Amino acid sequence: MDQNWKFETKAVQAGYEPGNGEPRVMPIVQSTTYKYDDAQSVADLFDLKREGFFYTRLANPTVDWFEKKMAALEGGVAACALSAGQSASAFSILNIASAGDHVVAASSLYGGTVSLMTNTLKKMGISVTFVSPRADEAEILRAIRPETKAVFAEMLANPALVVLDVERFASAAHRAGVPLIVDNTFPTAYLCRPFEYGADIVVHSTSKYTDGHALAIGGIIIEKGSFDWTNGKFPEFTEPDPAYHGLIYTKNFPTAPYSVKLRVQYIRDLGIGQSPFNAFLSNVGLETLALRMERHSSNALALAEFLEKHPKVSWVNYPGLKSSPEYEMACKYLPRGASGVLCFGVKGGKAAGEKVMNALKLAAIVVHVADVRTGVLHPASMTHRQLTDEELVAAGVSPDMIRLSVGIENIEDLKADFDQALNQA
Ligand SMILES: *Cc1c(COP(=O)(O)O)cnc(C)c1O
């Protein structure tokens, strides 16, 4: 890969580079195992003395090509593809925090991430303090304790659509000597590259725009490669790992210690890696990411403007709208477009909103966002159902909120569908 390639070129060509006579299209290596001519080669692989593949639970060529492309698109040094976005969020933290540790998170989060943080991580002995995504640096720093190991936030919160001030969160995290982990699922690297604003780790649910066709569940963790793990807060990175004959991650793998540790500890021991078939499908989607994100963004803006003027609509939230409190942040961090998700409420509240959802013909009710087909969902009764009323408010979910994921269909057809459905309310 030529490092100077622009985004669109990397999205098509990075990662997989076929040699003479090899398949032009990234193939699926659908094999759990790999053949070697001598025992020493395999022993060296086990000792991490050489790079290669020996068992697909740890690494697989198709998954590796997909990881390399994602790392190239985000501007990171390495990536680990996992079985779901949920495992990406979970292990981005578990790779650096264990029982007794603490995490600070911006409260406007995906419902599954809220549940992960408040229930599952808690059971593992990791506590979380939530701060407002609008918190200033002093407020973020006040939430950080000596045992805090990371700050976590969503770049464009699902479904609150708050645009993170990454620079502010990165600055606070770095003053405390901990990395900033950013979930960049909604913008994708095409609309925003959080590493350029100070993020240290980026995670994605690749089930969303990365795949884009709603074919495959997946997640990925990408490492920027510049965080100083030797600052005294992360002894697991700087002290010998007994599981690997005393390997020291920062010394033996100085380029991408976080990714190597994640792979040889958690992907190896817990089997959380992405399947080759899903990596293959996700890569097919990724090839058209730039084109899709342009259309998702322009369609969403046009539909948001249409809904804002519609007499049956009570409110619209889309960061690309001039009327949005997020507009200024969106101009700074999402200059190419504000992605394809918007939220709105219908006059008459939840019941009227339900009527509109049921009356839509082209847009379907789906528990998914960010694929080529337009879909709607009612977060309070669906994705965020497990949250308490307080958590709903913190996550930015009102009872009447309809989350609309705008696809890449023709905008006139979309407007007509929403118009006829709203007129029935
Ligand atoms: C969907 C989503 C997740 C979880 O991803 P899965 O692939 O469904 O596990 C995490 N973060 C955000 C922002 C999401 O939209």
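Residues numbered from 1 in each chain as written. Predicted model: local features only at pLDDT ≥ 70, side-chain atom pairs only at ≥ 80, totals over all residues. Heavy atoms only, no water.

Go over the domain arrangement of the protein chain, please, and point to the residues and values.
As far as domains go, the protein chain holds domain 1 (7-285) and domain 2 (290-422). Measuring from the centre of the C-alpha atoms in domain 1 to the corresponding centre in domain 2 gives 29 Å. Across the contact, 39 residues belong to domain 1 and 40 residues belong to domain 2. Interface area, domain 1 with domain 2, both sides summed: about 3,200 Å², of which 61% is carbon and sulfur. Counting across the interface, domain 1 meets domain 2 through 3 salt bridges. Between Glu-8 and Arg-336 there is a salt bridge, with its nearest N and O atoms 3.6 Å apart. Joining domain 1 to domain 2, the criterion identifies 19 residue pairs in polar contact (both at pLDDT 80 or more). (Domains from an automatic or database assignment. Contact = heavy atoms within 4.5 Å. Buried area = accessible area lost by both parts, 1.4 Å probe. Salt bridge = Lys/Arg side-chain N within 4 Å of Asp/Glu carboxyl O. Polar contact = N/O pair within 3.5 Å; in protein donor to acceptor, adjacent residues only side chain to side chain.)

So, the packing of aromatic side chains: which residues are in play, and what are the values?
Applying the stated criterion to the full structure yields 13 aromatic pairs. Of the aromatic side chains, those joined through ring pairs into one cluster are Phe-227, Trp-229, Phe-234, Phe-237 and Tyr-258. (Phe/Tyr/Trp six-rings, centres within 6.5 Å; stacked < 30°, edge-to-face > 60°.)

I'd like a description of the nonpolar core, backed by residues and values.
Nonpolar side chains in soluble globular proteins tend to be buried together. Leu-307, Leu-342 and Phe-344 are the most contacted members of the largest nonpolar core, which has 123 residues in total. Residue contributions to this core peak at 7 residues, all from helix 13 (residues 289-309). Each of domain 1 (7-285) and domain 2 (290-422) accounts for three or more of the residues forming this core. Those residues within four positions of Phe-344 in sequence are excluded, and the remaining contacts are Leu-307, Val-313, Trp-315, Val-316, Asp-400, Met-401, Ile-402, Leu-404 and Phe-418. (Core = buried A, V, L, I, M, F, W, Y, C linked by side-chain atoms within 4.5 Å. Buried < 20%, exposed > 50% of the residue type's maximum accessible area, 1.4 Å probe, protein only. Helix = DSSP H or I, 4+ residues; strand = E, 2+ residues; numbered from the N terminus.)

I'd like to hear about the site of the ligand, residue by residue, with values.
The full set close to the ligand counts 13 residues, and Gln-86, Asp-183, Ser-205, Ser-207 and Lys-208 are the nearest of them. Within the contact set of the ligand, a nitrogen atom lies 2.7 Å away from a side-chain nitrogen or oxygen of Asp-183. In the environment of the ligand, an oxygen atom lies 2.7 Å from a nitrogen or oxygen atom belonging to the side chain of Lys-208. Calculation on the ligand without its partners gives an accessible area of 380 Å², and the protein chains cover 93% of this total. Class assignment for the residues of the shell around the ligand results in 3 nonpolar, 7 polar and 3 charged. (Near = heavy atom within 4 Å. Areas by Shrake-Rupley, 256 points an atom, 1.4 Å probe, with all protein chains shown as cover. Nonpolar A, V, L, I, M, F, W, Y, C, P; charged D, E, K, R; others polar.)

Break down the packing of helix 3 (residues 61-74) against helix 12 (residues 276-286) for me, citing the residues and quoting the values.
It is the contact of helix 3 with helix 12, at a shortest axis distance of 8 Å, that shows an interaxial angle of 35 degrees. Handedness of the helix 3/helix 12 crossing: left-handed. When helix 3 is examined against helix 12, the residues Thr-62, Val-63, Phe-66, Lys-69, Met-70 and Leu-73 are found in contact with a partner set consisting of Pro-276, Ala-279, Phe-280, Ser-282, Asn-283 and Leu-286. (Axes fitted to C-alpha atoms, helices over the stretch in contact; angles between N-to-C directions. Left-handed = near helix turned anticlockwise from the far one by under 90°.)

Describe the environment of Ser-127, with residues and values.
Among the structural elements, Ser-127 can be located in strand 3 (residues 127-131). What makes Ser-127 partly exposed here is its relative accessible area of 28%. A C-alpha to C-alpha distance of 9.0 Å links Ser-127 and Thr-148, two positions 21 residues apart in sequence. When near neighbours in sequence (up to four residues on either side) are disregarded, Ser-127 contacts Asp-101, His-102, Val-103 and Arg-145.

A description of the sheet that holds strand 11 (residues 375-377) should follow, citing residues and the corresponding values.
Here we have 5 strands laid out as an open sheet, ordered 8-9-12-11-10, and mixed in their pairing. Two strands lie at the open edges of the sheet, namely strand 8 (313-317) and strand 10 (364-365), each paired on one side alone. In this structure, strand 8 lies alongside strand 9 (residues 341-346), joined through 4 bridges in antiparallel fashion. Residue pairing across strands places Trp-315 opposite Gly-345, the latter belonging to strand 9. (Pairing = 2+ DSSP bridges.)

Kindly report on the side chain of Asp-211, identifying the contributing residues and their values.
Relative to the assigned elements, Asp-211 resides in the loop between strand 6 (201-205) and strand 7 (219-223). Arg-292 is the oppositely charged side chain nearest to the buried, salt-bridge-free Asp-211, at an N-O distance of 6.7 Å. Separated by 3.1 Å, the side chain of Asp-211 and the backbone nitrogen of Ala-214 make a polar contact. In terms of polar contacts, Asp-211 uses its side chain to reach the backbone amide nitrogen of Ala-216, at 2.7 Å. (Lys, Arg positive; Asp, Glu negative; His and termini not counted.)

Go over helix 11 (residues 257-270) with me, naming the residues and quoting the values.
When the terminal C-alpha atoms of helix 11 are compared, their 19 Å separation across 14 residues agrees well with the 20 Å that a helix rising 1.5 Å per residue should span. By the largest-angle criterion, Arg-263 marks the main kink of helix 11, which is about 30 degrees. Burial analysis of helix 11 places 10 of its 14 residues in the buried class, which makes it a mostly covered element. Where helix 11 is concerned, the buried positions are Pro-257, Tyr-258, Ser-259, Val-260, Lys-261, Leu-262, Arg-263, Val-264, Gln-265 and Ile-267. Gly-271 sits one or two residues past helix 11 and shows a positive phi near 65 degrees. (Expected span 1.5 Å × (residues − 1). Bend = angle between axes of the 7 residues up to and from the residue.)

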